[in-house]
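Letter by letter, the chains look like this.
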Amino acid sequence: AHSVTVMIALAGGARAAWQKHPERATDALEQLGNVGETVLGEMQAILHILRSGDSDLDNALHRSGHNLPTLEELADTFRATGLPVTLRQTGFPSDDLTLKNATYRIVQESLTNALRYADKPGEVAVRVTGDNDAVTITVTDDGRPGPPSRSLGTGAGLSAMAERATALGGTH
């Protein structure tokens with residue numbers, strides 16, 4: 001769902017920029033293709049999970065969940081939609097793949113929410129700090145204040161972030 005939201009934003013950006021800024025439209029379309037390839041891979045993995053009795057596939061899928069792009073690559077994908085993302089990472093030496101995966105997914109959900117709901121932000125700041133004992137993720141935007149907008153999602157994103165943090169002994 002996160003990637004589809006990004007794809008919709010990229011398509012809209014390409015459509016809006018087509019006449020006046022063809023180079024931006026071309027960049028957005030290239031990113032759209034990249035995100036689409038990622039979505040297709042994720043969908044194929046889900047379909048494979050639904051298969052049973054294939055231990056080689058099970059082993060391959062177990063490893064695939066941790067082969068995520070870097071946080072910088074994630075930020076670049078959202079920047080391509082026009083979201084002004086800044087990313088600062090300090091002191092995150094943990095080799096815990098589950099923690100890295102949870103960190104990635106929490107940042108992904110946060111940026112998806114900023115893309116959906118931030119009103120003309122000048123910056124969406126992502127800060128990830130940590131050591132071997134704890135990771136702190138902070139995502140803020142400086143969009144204009146206003147009344148809450150109608151939810152465009154299922155409403156499960158914030159709960160999912162909290163569940164990820166709690167599952168690893170953290171707080172939200």
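Presented here is a report on the structure given in the accompanying data block.

Rules used throughout
Residues numbered from 1 in each chain as written. Predicted model: local features only at pLDDT ≥ 70, side-chain atom pairs only at ≥ 80, totals over all residues. Heavy atoms only, no water. Axes fitted to C-alpha atoms, helices over the stretch in contact; angles between N-to-C directions. Helix = DSSP H or I, 4+ residues; strand = E, 2+ residues; numbered from the N terminus. Left-handed = near helix turned anticlockwise from the far one by under 90°. Contact = heavy atoms within 4.5 Å. Nonpolar A, V, L, I, M, F, W, Y, C, P; charged D, E, K, R; others polar. Salt bridge = Lys/Arg side-chain N within 4 Å of Asp/Glu carboxyl O. Buried < 20%, exposed > 50% of the residue type's maximum accessible area, 1.4 Å probe, protein only. Pairing = 2+ DSSP bridges. Arc of directions from axis to C-beta.

## Some thoughts on the packing of helix α1 (residues 2–17) against helix α5 (residues 97–117)
The relative placement of two packed helices is expressed as an angle between their axes plus a distance between the axes.
For step 1, the next point in the chain: For the pair α1 and α5, interaxial distance at closest approach is 10 Å and the crossing angle is 35°. Every pair of crossing elements has a handedness; the one defined by α1 and α5 is left-handed. Side by side, α1 and α5 meet where His-2, Ser-3, Thr-5, Val-6 and Ala-9 of the first sit next to Gln-108, Glu-109, Thr-112, Leu-115 and Arg-116 of the second.
For step 2, the next point in the chain: A breakdown of the residues in the contact of α1 with α5 according to their chemical character gives three nonpolar, five polar and two charged.

## Comments concerning the pattern of salt bridges
For step 1, the next point in the chain: Per the stated rule, a full pass over the model turns up four salt bridges.
For step 2, the next point in the chain: For Asp-76, the salt bridge is made with Arg-79, and the minimal N-O distance between the two is 2.5 Å. With a gap of three residues between them, Asp-76 and Arg-79 both fall in helix α4 (residues 71–79), about one helical turn apart.
For step 3, the next point in the chain: With a closest N to O distance of 3.7 Å, Arg-127 and Glu-123 form a salt bridge.
For step 4, the next point in the chain: Judged by relative accessible area, which is 31%, Glu-123 ranks as partly exposed.

## Details of the pairing of strand β2 (residues 124–130)
For step 1, the next point in the chain: Taken across its seven residues, β2 has five buried, putting it largely inside the fold.
For step 2, the next point in the chain: Alignment of strand β1 (residues 85–90) against β2, held across six bridges, turns out to be parallel. Each residue of the ladder has a partner; that of Thr-90, found in β2, is Thr-129.
For step 3, the next point in the chain: As paired strands, β2 and strand β3 (residues 135–141) are joined by seven bridges and run antiparallel to one another. For Val-126, the partnering residue across the bridge sits in β3 and is Val-139.
For step 4, the next point in the chain: Taking the residues between adjacent antiparallel strands as the criterion, β2 and β3 are bridged by four residues.

## Quick word on α4
For step 1, the next point in the chain: Here α4 has its buried residues at Leu-71, Leu-74, Ala-75, Thr-77 and Phe-78. The arc that holds the buried residues of α4, viewed along the axis, is 155°, so those residues lie on one side.

## Focus on the environment of Asp-96
For step 1, the next point in the chain: You can see Asp-96 is positioned in the loop between β1 and α5.
For step 2, the next point in the chain: Along the sequence, Asp-96 and Asn-132 sit 36 residues apart, while their C-alpha atoms lie 9.1 Å from each other.

## Some remarks on the sheet that holds β1
For step 1, the next point in the chain: As summarised here, the arrangement of the three strands in space is β1-β2-β3, forming an open sheet in which the pairing is mixed. Sheet topology places β1 and β3 at the edges, where each strand pairs with a single neighbour. Across the sheet, the mean angle from the axis of one strand to that of its neighbour is 10°, orientation sign disregarded.

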